[in-house]
Amino acid sequence: MNSPLPIKQTFTKESLKKQFRLSEFLAEKIISSVAFLSIAIIFLIFIFVFKESLPLFSFGDKAKTEIQTTTGAEVETYGAETSTEEIQPETYGAPAENLEPESYGTTTEDLNPVVEEIAVTEPETYGTVTEDLNPDSASEEVVAIDEKVTGNKEGADKTWSTFFSTEWVPVSDNPRFGLIALLIGTLKVTVIAMLIAGPLAILAAVYTSCFASNRKKEIIKPIIEMLAAFPSVVIGFFAMMVLATFFQDVFGYDSRLNAFIGGVAMALAAIPIIYTISEDALSAVPKTYTEASLALGASKAQTAFSVILPAATPGIFAALLLGVGRVFGETMIALMATGNAALLSANPFESVRTFAATIGSEMAETVFGETHYSVLFFIGSLLFIFSFILNAVAEFYVKGKLIKKFQGK
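Residues numbered from 1 in each chain as written. Predicted model: local features only at pLDDT ≥ 70, side-chain atom pairs only at ≥ 80, totals over all residues. Heavy atoms only, no water.

## Remarks on the confidence of the model for the protein
(1) Moving on: Looking at the protein as a whole, the pLDDT averages 76, with 68% of positions reaching at least 70.
(2) Moving on: In the model, residues 60–97 has pLDDT below 50 throughout and makes 26 contacts with residues more than four positions away in sequence or in other chains. (pLDDT = per-residue confidence, 0-100. Contact = heavy atoms within 4.5 Å.)

Below is the structure:
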């Protein structure tokens, strides 16, 4: 019995064209629009933050000239307002003369001298006040205000020179915005946090990927990743109330809240990020690497630490970079657990202040447009640039190198 011949299908140019589907078209446009909107929002946020710090980059005598011109106008206006010609003390005498003490009955005789004294002395006293408030005294007062404003402007021009000092005194007659102490404090907390979070997260990822059974993996991974759902304020409160007391009793240092406590608390926040990305990188290593190593007689430990871990190094490095970015920009934990004191010291058991904590604690107390306000936005620009560089390096360079390595390119 002959089998039927297969039906030949002929393809034309019209049949090969992609058919239009409204649902796919709308989904594609929505996804592309959301991606473009996200990039635009990030770009606009950076422009706004940097724009608010632009007054720090403007120098010259134009602002001082405007201040002096304004103060001069204020002197003229002040003199006009306090001149004795506009003040008419006679109006005060008129009501005194219109008083009718007869309505008080028997006490009119006792009140008459008082009324006369008021009628006579009030204009004289008022005249004395107007003589004291002469244009000369007004000009002296405005000159004092002018000197104060000019002094603040000079302090704003000298802000860049104070950036390299070690004192953070933003509210003072001579304000100093020393970023060195804030930078050292931020680096201390970041280094301590990464020294704790990095090894713990990577070892946990190696165990989960190479040693744990599927049952244990399904339990361990969600529990560690659940730490990322904890709010920063909860971790900071836990560090301030529990960890600070525990470690002070163990080590016996004086400052209860310090860089070490802040680093430990931030390590709790960075472990989920480092663990998740490291575990994904280890799981992405081809199984042929593991099978070849085991076939050559290597143990599981030798295979994990000598074969799989080196192969996943680019992805683990990217995880560490993202962890650094998470710790570097953390605000609430640093504000609650580090002591929030701008001290320049190499001792990890002394209080520090970070860039993010400075912005969080002082932004609500600044005056719009002042030098302190612009400096805080400048610090925010530095944090934004640093985080952007870390994420860009981790995303485009490290992960790209990992993919090329697995592809053999």
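## Looking at the packing of helix H8 (residues 179–211) against helix H14 (residues 313–328)
For any two helices packed against each other, one specifies the crossing angle of their axes together with the interaxial distance.
(1) Moving on: Orientation of H8 relative to H14, taken along the N-to-C sense of each, is 140°, at an axis distance of 9 Å. Compared by their axis directions, H8 and H14 come out oblique. Once H8 is placed against H14, the crossing between them reads as right-handed. Of the residues in H14, those in contact with Thr186, Leu187, Val189, Thr190, Ala193, Met194, Gly198 and Ile202 of H8 are Ile316, Leu320, Gly323, Val324, Val327 and Phe328. (Axes fitted to C-alpha atoms, helices over the stretch in contact; angles between N-to-C directions. Helix = DSSP H or I, 4+ residues; strand = E, 2+ residues; numbered from the N terminus. Parallel < 35°, antiparallel > 145°, perpendicular 65-115°, else oblique. Left-handed = near helix turned anticlockwise from the far one by under 90°.)

## Brief notes about the side chain of threonine 190
(1) Moving on: Here threonine 190 lies in helix H8.
(2) Moving on: Judged by its relative accessible area of 7%, threonine 190 is buried.
(3) Moving on: Residue contacts for threonine 190: discarding those within four places in its chain leaves Val324, Val327 and Phe328. (Buried < 20%, exposed > 50% of the residue type's maximum accessible area, 1.4 Å probe, protein only.)

## Digging into the packing of aromatic side chains
(1) Moving on: Tallying each qualifying case throughout the model produces 21 aromatic pairs.
(2) Moving on: Ring geometry for tryptophan 160 and phenylalanine 378: centres 5.5 Å apart, planes at 70°, overall edge-to-face. One end of the pair, tryptophan 160, is in helix H7 (residues 159–162); the other, phenylalanine 378, is in helix H17 (residues 371–407), with 218 residues separating them in the sequence.
(3) Moving on: For tryptophan 160, a relative accessible area of 27% puts it in the partly exposed group. (Phe/Tyr/Trp six-rings, centres within 6.5 Å; stacked < 30°, edge-to-face > 60°.)

## A closer look at the nonpolar core
(1) Moving on: If you look at the biggest cluster of nonpolar residues, it comprises 51 residues, and the most contacted ones within it are Phe247, Ile261, Met266, Ile274 and Leu282.
(2) Moving on: Where this core is concerned, the elements lending two or more residues are H8, helix H10 (232–251), helix H11 (259–283), helix H13 (300–311), H14, helix H15 (332–337) and H17.
(3) Moving on: Broken down by element, this core gets its largest block of residues, 15 residues, from H11.
(4) Moving on: Residues within four places of phenylalanine 247 in sequence aside, it is in contact with Gly252, Tyr253, Phe260, Ile261 and Val264. (Core = buried A, V, L, I, M, F, W, Y, C linked by side-chain atoms within 4.5 Å.)

## A look at the layout of surface pockets
(1) Moving on: When its volume is computed, the second largest pocket comes out at roughly 280 Å³.
(2) Moving on: Forming the boundary of the second largest pocket are Ile39, Ile42, Phe43, Phe46, Phe384, Ile385 and Phe388.
(3) Moving on: Sorting the residues of the lining of the second largest pocket by element identifies helix H2 (22–52) and H17 as the ones contributing at least two each.
(4) Moving on: The element best represented in the lining of the second largest pocket is H2, accounting for four residues.
(5) Moving on: A breakdown of the residues in the lining of the second largest pocket according to their chemical character gives seven nonpolar, no polar and no charged. (1 Å grid on protein atoms, 1.4 Å probe; cavity = no way out; pocket = protein on both sides within 12 Å on 5 of 7 lines; lining within 4 Å. Points joined across faces, edges and corners; volume = space filled by probe spheres on them. Nonpolar A, V, L, I, M, F, W, Y, C, P; charged D, E, K, R; others polar.)

## Quick word on H11
(1) Moving on: When the terminal C-alpha atoms of H11 are compared, their 35 Å separation across 25 residues agrees well with the 36 Å that a helix rising 1.5 Å per residue should span.
(2) Moving on: The sharpest bend along H11 reaches about 40° and sits at alanine 270, with the proline proline 272 one to four residues further on.
(3) Moving on: Counting buried residues along H11, 20 of its 25 residues qualify, which places the element largely inside the surrounding structure.
(4) Moving on: A distance of 3.1 Å separates the backbone nitrogen of phenylalanine 260 from a side-chain oxygen at the start of H11, and that oxygen is part of asparagine 258. (Expected span 1.5 Å × (residues − 1). Bend = angle between axes of the 7 residues up to and from the residue. Polar contact = N/O pair within 3.5 Å; in protein donor to acceptor, adjacent residues only side chain to side chain.)

## Here's the deal with unusual backbone geometry
(1) Moving on: Even without a glycine there, the phi angle at asparagine 340 is positive, about 55°.
(2) Moving on: Mapped onto the elements of the fold, asparagine 340 is located in the loop between H15 and helix H16 (355–362).

## As for the side chain of serine 374
(1) Moving on: Tracing the backbone through its elements, the reader meets serine 374 in helix H17.
(2) Moving on: Judged by relative accessible area, serine 374 falls into the buried class, the value being 2%.
(3) Moving on: Here serine 374 is in contact with Glu52, Ser53, Pro55 and Leu56, once residues within four sequence places are set aside.

## A closer look at the environment of valine 307
(1) Moving on: Along the chain, the position of valine 307 falls in helix H13.
(2) Moving on: Sequence separation of valine 307 and serine 293 is 14 residues, and the distance between their C-alpha atoms is 7.5 Å.
(3) Moving on: When residues no more than four places from it in sequence are discounted, the contact partners of valine 307 are Tyr289, Ser293 and Gln302.

## Observations concerning a nonpolar patch on the surface
(1) Moving on: A surface patch of nonpolar side chains, about 620 Å² in accessible area, is lined by Phe20, Leu22, Phe25, Leu26, Ile30 and Val34.
(2) Moving on: Summarising the element assignment, phenylalanine 20 is placed in the loop between helix H1 (13–16) and H2. (Patch = residues over 30% accessible without salt bridge, like charges linked within 9 Å, V, L, I, M, F, W, Y side chains within 5 Å. Areas by Shrake-Rupley, 256 points an atom, 1.4 Å probe, with all protein chains shown as cover. Salt bridge = Lys/Arg side-chain N within 4 Å of Asp/Glu carboxyl O.)

## Here's the deal with the pattern of salt bridges
(1) Moving on: Counting across every chain of the model gives seven salt bridges.
(2) Moving on: Here lysine 217 ties to glutamate 279 by a salt bridge, and the two come within 3.4 Å at their closest N and O atoms. Within this pair, whereas lysine 217 is found in helix H9 (residues 214–226), its partner glutamate 279 is found in helix H11, the two being separated by 62 residues in sequence.
(3) Moving on: We classify lysine 217 as partly exposed; its relative accessible area is 27%.
(4) Moving on: The network of salt bridges with common partners includes Lys217, Lys221, Glu279 and Asp280.

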